[in-house]
Amino acid sequence: MTDSKEIKLYATHPHPCSYFGDREAQTIFIDPDMSPSPLLYSELSRRGFRRSGNHIYRPDCKRCKECIASRVPVMTFKASRSQRRTINRNADLSTEVLPAPSAQAYPLYERYINGRHRDGDMFPPSREQFDSFLGESSATTAYVHFYAEGALVAVAVTDILDDGLSAIYTFYDPDLNKRSLGVYGILWQISHAKSLNLPYVYLGYWIRDCQKMAYKTDYRPIELLINSRWVRLN
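Here we summarise the structure given alongside this text.

Conventions we followed
- Residues numbered from 1 in each chain as written.
- Predicted model: local features only at pLDDT ≥ 70, side-chain atom pairs only at ≥ 80, totals over all residues.
- Heavy atoms only, no water.
- Helix = DSSP H or I, 4+ residues; strand = E, 2+ residues; numbered from the N terminus.
- Rg over C-alpha atoms; globule rule 2.2 N^0.38 Å.
- Buried < 20%, exposed > 50% of the residue type's maximum accessible area, 1.4 Å probe, protein only.
- Areas by Shrake-Rupley, 256 points an atom, 1.4 Å probe, with all protein chains shown as cover.
- Lys, Arg positive; Asp, Glu negative; His and termini not counted.
- Charge placed at Lys NZ, Arg CZ, Asp CG, Glu CD.
- Salt bridge = Lys/Arg side-chain N within 4 Å of Asp/Glu carboxyl O.
- Axes fitted to C-alpha atoms, helices over the stretch in contact; angles between N-to-C directions.
- Parallel < 35°, antiparallel > 145°, perpendicular 65-115°, else oblique.
- Contact = heavy atoms within 4.5 Å.
- Nonpolar A, V, L, I, M, F, W, Y, C, P; charged D, E, K, R; others polar.

**Topic: the overall build of the protein chain**
Thinking step 1. The helix and strand tally for the protein chain stands at six helices and 14 strands.
Thinking step 2. Relative to the 2.2 N^0.38 estimate, which gives 17 Å for 234 residues, the radius of gyration of the protein chain is 17 Å and therefore close to what a compact globule would have.
Thinking step 3. If one aligns the C-alpha atoms of the protein chain with their principal axes, the spans along those axes are about 50 × 40 × 35 Å.
Thinking step 4. Counting every position in the protein chain, which comprises 234 residues, the buried fraction comes to 48%.
Thinking step 5. For the protein chain, the exposed surface amounts to about 12,500 Å²; the carbon and sulfur share of it is 50%.
Thinking step 6. With 30 positive and 26 negative side-chain charges, the protein chain shows a separation of 9 Å between the mean positions of the two kinds.

**What about the pattern of salt bridges?**
Thinking step 1. Summed over the entire model, instances satisfying the criterion amount to 15 salt bridges.
Thinking step 2. Of the charged contacts, one joins Asp175 and Arg111 as a salt bridge, the two residues approaching to 2.8 Å between their closest N and O atoms. One end of the pair, Asp175, is in the loop between strand E11 (164-172) and helix H5 (181-195); the other, Arg111, is in helix H3 (residues 105-116), and 64 residues separate them in sequence.
Thinking step 3. Of the residues examined, Asp175 reaches a relative accessible area of 59% and is grouped as exposed.
Thinking step 4. Salt bridges sharing common partners tie together Glu43, Arg46, Arg47, Asp162 and Asp163.

**Things to note about the packing of helix H2 (residues 81-89) against H5**
Thinking step 1. The N-to-C vectors of H2 and H5 enclose an angle of 95°; their axes lie 10 Å apart at closest approach. Classified by the angle their axes make, H2 and H5 are roughly perpendicular. Between H2 and H5, the residues in contact are Gln83, Thr86 and Ile87 and Val183, Tyr184 and Leu187, respectively.
Thinking step 2. For the contact of H2 with H5, the residue count by class is four nonpolar, two polar and no charged.

Here it is as structure tokens:
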């Protein structure tokens, strides 16, 4: 590790899995009272940890290893034909990077959850849930706001690491399906990381047999953390 502090790790009790209804999940997370330095947070990301609110965690399921950390090496990333069309469709958007979500962000998040995730564990949305999940930021967190003709249409929440960006969450106007704003949010972060000379965008956990999480291998090449080693897929 890159930090001299002793890290306390805690494990949850087994609980229902969010991705597979017939399985139980277990998670390890670092002491929530600890404030890891940016260097330590970056090192934890390289070891497969993720941030959700003020929790930095990693799946630790005994009977399942489906959740595999993923990242895009931005310097060699090549957008597919479909991804290039998405970039072109959103060329009219303006972008603002803020240190906190704007006043318009929560109403957009509420519409997004109600429109796209009524079957998920974040439904129904609430301001308290939004604040604890996405409002708990650090000095490394950026809120990328995308606007169409002055109206907020998407927000990508990303953490700036010492070797890349960690894509925490993107939410958007659920009525603008043709824009593929979720895809565009990732493509923008890949482009932005490249402009900052940062080598990676961390996408969270790839889950092959879960449609909602399997999309991450659409970004090629991609690297997967397998047996504590990053393996590149072209």
